[in-house]
Each structure stands twice: as C-alpha cells, then as structure tokens.
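# Secondary and tertiary structure notes
So the chains spell out like this:
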Amino acid sequence: MTHPLRVRSFRLLFLGRTVSGLGDAVVPVALALAVLRATGSTGSLALVLACAMIPRLLLLPLGGVVADRFHAQRVAVTTDLVRCAAQLVVGVQLLADAPSLTHVAVAAAVGGAASAFAIPTAAPLVAGTVEADGRQRANALLGVTANASRLAGPALAGLLIWAAGPGWAFILDGISFAVSALLVAAIRVRHVPVPRRSLGTDLVRGWREVRARDWYWTSLVGHGVWNGAAAVLMTLGPAVAVDRLGGEGVWVIMLQGGAVGMLAGSLAAGRFRPRRPVLVGNLALATYAVPLALLAAAAPAPAVIAAYCLALTALGFLNPVWETVVQGQFAPEVLARVTSYDWLMSLGAMPIGYAVAPLAAGAWGASAPLAAAAVLVALACAGTAAVPGVRRLAWPAAPAPERAGAAVG
C-alpha cells in the first residue's frame, strides 16, 4: 500500500487543509474577544455566531448537491476564496478604530454559507485522490492535523491578540484560505459525472441513499444525540467545574485533556482497523455518557478529567474510521450529498443542546440535564448495536457507480 503522503494530489490536499485548519483554529478565541471588546455584549457575540451557523445549517443539503454535480474540487477552491474574502473583511473591520458589528455579522453569514458548500467536498476529495486501501490512513492524517490545530489554536490566538490584536487573527485565517485554494486547485481528483436532474430530484436521491442503509441513518441519529449532549456539557460544564470541582483550572485542564485525547485517537485510527468498524465506533462514542454522568454527580475532578479525555479519544478514533467506511459504502456520485446530511444532523443538534441546557438547569439544576444527556447518549450510541446493519458491516468494497466512466480534473 502506497502511503497517502507519497501521492502528490493528496499531499497538496493535506497541506491545504492543514494550513486552513490552523487558521480556523485561531478564530474562535479571537472572535469572542474582539466582539466583546468592541461591544461589551455577549448578545452581540451570540448574534455573530448565529449569523454563521444558520446559513450553514440551511444550505448544507444544497451544498451536497452542488459538490456532487459540479466537481468537488472546483467547489472547494471557490468556497476557500469566498471564505478568504469574508475573513479579510472581518479582520479589516477589527483593525479599524470603530468596527461595525453589522459588517462583521454579514461577513460571518457569508463565511457560514460558504462552509455549507465546502464541508460536503471533504469526502469526495479524499476518495478522489487516494485509493481505497489507503483511505483510513489518509483520513487519520487529516484528523491528526485538525486536532493538532485545535490544540495549538488557542495558544496561537492568544499570542496574536497579545502581539497585534484580534484583527490579525482573521487576516491570518483569510491568508490560510487563499493558500488552501491554491494548493487544492493544483491537485488531480477523480470525478464521476452526475446526470443532470432537477435540484429536488438530487436532494431526494441523496436522502434515499441515507434511508436505504439502516447502519447509516441510525448512526446519524446517535451522532446527532452525541453532539446535542456535547452542547449541554459545554454549556453547563464550566459552571459545575467552577462551583463544585475546584475552579476554572479544572475546566481548562479538562478541555486540554480532551484535545490531547482527540489527537491520540486520530493517531490510533491510522494504525488499527476493527473488524466491525461502525459497531466499534458507536460503542466507543457511548463512553461520552461517563463524563456527563460524573459531572452530574460532581465526582472528583481527576475522575471527570480522565473520563472526558477517554471519551474524546474515542471520538478522535471514530471520525477517520467513519469517514473511511462512508467513502467506501456510497457511490462516488452521491458521496457529497450523503455526507451533507450527516453534517446537518450533527450540527443541527448542537443549537438544541445550547438552548435546552440553561432552561433545564434553571428549572431543575445543572445535574438533571447533564444526567439526562448521559442517558440519551448511552441509549442512542450503544443502542445502534441492536441494528442488524451496524452489527454486520465490515470493511467495504467500493460500490459500482450509477454510470461508468470517470473524469479527472
């Protein structure tokens, strides 16, 4: 098996995603501090975040259709350039003496819309540059660099903000998207042309592909519940850590431990290949119930930190394995559409968790929603073991496409 990094096209894709991922990892900290400095309002920050999230959720299914129909490489390059422009606008605004919240919010909405078209291109780009026997290692490499960026991002953001101000973090992110666009434009990607149909027909075809596989749609339900529970933990966890576990330091250590766990899981995914990948991955995801339950019980801080690190290690392992299975089980001409539904269910569950958690905590205390989230995660993820397709699915052979012939672009 040829190592993926020996393949020129994947090497360029890997470099592009590494550069843009590091730039993106800097932005959350910089955005929060910049908006709070400019307005002093958490409501303004919530508005900007919503402006990025809502277009992304609404346009994700359309993004899948576009990536399948118009060649994922071209879509990826275009969206990188759009996001470059959006981040540069935000950076310039933040470098001004009186940044306009309206301009920042509009740029965030444009960037969020572009990401809805960019996200579904990830699977076709890997599948179109790496042969089937190298995809798990390729996905693991992308997972490693993404998680390493998340680990280093806050520190780099802090350094940039201290040295030059938050606006330069967005300038850096914009430049990273420009570099990514240049690198992705230089690769060669196998592409199966999709017959021209109506938009509605393409959307329905993608949804039928999802529904036709019990292992896929039941896993998506479990993954959505996991993300909703993660939002509950991120909303209520800081208060529990500060009030009952020993202070802010506990929360910081817990988050860093989780980031290290994600990185370790991605590294493990490049080496281990479970016989029943979806079953093993979903059971591993169910371990997220443990830190939720321990937080609900205000268990000792070391136990909570260790459990969270283990649960995020499981997530870091699952992601590359899951992506590899999906890339092998679905025909190339529908891959972007089915992954767009995956992202829609995962991302769509998070706002629900963010909204429900404080309301439930206000009515019954923080322990109740945390415990409820733990039960839901355990049932939704471990419960997929009852699905025949989940239990039976082994490593796939690539399916035959709907129409023979492939174009290289």
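Please refer to the structure placed before this passage.
Cut-offs applied
- Residues numbered from 1 in each chain as written.
- Predicted model: local features only at pLDDT ≥ 70, side-chain atom pairs only at ≥ 80, totals over all residues.
- Heavy atoms only, no water.
- Helix = DSSP H or I, 4+ residues; strand = E, 2+ residues; numbered from the N terminus.
- Rg over C-alpha atoms; globule rule 2.2 N^0.38 Å.
- Buried < 20%, exposed > 50% of the residue type's maximum accessible area, 1.4 Å probe, protein only.
- Contact = heavy atoms within 4.5 Å.
- Areas by Shrake-Rupley, 256 points an atom, 1.4 Å probe, with all protein chains shown as cover.
- Lys, Arg positive; Asp, Glu negative; His and termini not counted.
- Charge placed at Lys NZ, Arg CZ, Asp CG, Glu CD.
- Core = buried A, V, L, I, M, F, W, Y, C linked by side-chain atoms within 4.5 Å.
- Salt bridge = Lys/Arg side-chain N within 4 Å of Asp/Glu carboxyl O.
- Patch = residues over 30% accessible without salt bridge, like charges linked within 9 Å, V, L, I, M, F, W, Y side chains within 5 Å.
- Phe/Tyr/Trp six-rings, centres within 6.5 Å; stacked < 30°, edge-to-face > 60°.
- Axes fitted to C-alpha atoms, helices over the stretch in contact; angles between N-to-C directions.
- Parallel < 35°, antiparallel > 145°, perpendicular 65-115°, else oblique.
- Left-handed = near helix turned anticlockwise from the far one by under 90°.
- Polar contact = N/O pair within 3.5 Å; in protein donor to acceptor, adjacent residues only side chain to side chain.

Our next topic: the overall build of the chain. Scanning the chain from N- to C-terminus turns up 16 helices and two strands. Over its C-alpha atoms the chain spans a radius of gyration of 21 Å, differing by no more than 12% from the 22 Å that the globule rule assigns to 409 residues. When each of the 409 residues of the chain is scored for burial, the buried share is 53%. The long-range fraction of contacts in the chain, counting pairs at least 24 apart against all pairs at least 6 apart in sequence, stands at 88%. Of the roughly 17,400 Å² of accessible surface on the chain, 69% is carried by carbon and sulfur atoms. In the chain, the 29 positive side-chain charges and the 16 negative ones have mean positions that sit 8 Å from each other.

Formed by 61 residues in total, the largest nonpolar core has its most connected members in Trp-215, Tyr-216, Tyr-288 and Leu-292. Secondary-structure elements contributing two or more residues to this core are α5 (122-127), α9 (214-245), α10 (248-269), α11 (277-285), α12 (289-296), α13 (301-329), α14 (335-364) and α15 (367-382). When residues in this core are grouped by element, the largest group, 13 residues, is from α13. Discounting residues that sit within four places of it in the chain, Leu-292 has contacts with Ala-229, Leu-233, Leu-370, Ala-373, Ala-374 and Val-377. Formed by 19 residues, the second largest nonpolar core is a distinct cluster that contains Ala-34, Leu-94, Ala-107 and Phe-170.

Moving on, we get to the environment of Gly-261. The residue Gly-261 is located in helix α10 in this model. When the C-alpha atoms of Gly-261 and Phe-317 are compared, they prove to be 9.3 Å apart, with 56 residues separating the residues in sequence. Discounting residues that sit within four places of it in the chain, Gly-261 has contacts with Cys-309, Leu-312 and Thr-313.

All right, on to unusual backbone geometry then. For residues besides glycine, phi is generally negative; the peptide bonds are generally trans as well. Phi angles above zero are rare outside glycine, and His-71 is one such case at about 80°. Accessibility expressed as a relative area gives 4% for His-71, which makes it buried. We note that Ala-298 has phi near 50°; this positive angle belongs to a residue other than glycine. With respect to the secondary-structure elements, Ala-298 resides in the loop between α12 and α13. You can call Ala-298 partly exposed: its relative accessible area is 23%.

With that out of the way, let us pick up the pattern of salt bridges. Under the defined criterion, the tally for this structure stands at seven salt bridges. The residue Arg-69 makes a salt bridge to Asp-202 at a minimum N-O spacing of 2.4 Å. With Arg-69 in helix α2 (residues 42-70) and Asp-202 in helix α8 (residues 199-211), the pair connects residues that are 133 residues apart, well separated along the chain. Between Asp-202 and Arg-337 there is a salt bridge, with the nearest N and O atoms lying 3.6 Å from each other. Here Asp-202, found in helix α8, pairs with Arg-337, found in helix α14; they are 135 residues apart in sequence, far enough to count as distant. Each member of the pair, Asp-202 as well as Arg-337, is classed as buried. Within this structure, Asp-68, Arg-69, Asp-202 and Arg-337 form a network of salt bridges that share partners.

Okay, a nonpolar patch on the surface next. A contiguous nonpolar surface patch, about 200 Å² in accessible area, is contributed by Val-19, Ile-175 and Val-179. Here Ile-175 is to be found in helix α7 (residues 166-185).

A full pass over the atoms with the stated rule returns nine aromatic pairs. Relative to Phe-330, the ring of Tyr-216 lies with its centre 4.9 Å away and its plane at 70°, an arrangement referred to as edge-to-face. You can see Tyr-216 sitting in helix α9 and its partner Phe-330 sitting in the loop between α13 and α14, a full 114 residues away along the chain. Note on Phe-330: relative accessible area 1%, which makes it buried. Aromatic pair Tyr-288 and Tyr-308: ring centres 6.3 Å apart, planes at 50°, arrangement tilted.

Take the packing of helix α3 (residues 72-95) against α7 next. A packed helix pair is summarised by two numbers, namely the angle formed by the two axes and the spacing between the axes. Remark: α3 packs on α7, axes separated minimally by 7 Å, with the N-to-C direction vectors making an angle of 165°. With respect to α7, the element α3 is oriented roughly antiparallel. As α3 runs across α7, the sense of the crossing is left-handed.

So, about the side chain of Ser-20. With respect to the helices and strands, Ser-20 occurs in helix α1 (residues 8-39). Residue class for Ser-20 comes out buried when judged on its relative accessible area of 7%. A distance of 3.4 Å separates a polar side-chain atom of Ser-20 from the backbone oxygen of Arg-17. Excluding residues within four positions of it along the chain, Ser-20 makes contact with Asp-173, Ser-176, Phe-177 and Ser-180.

By themselves, these observations are geometric and do not establish any function.
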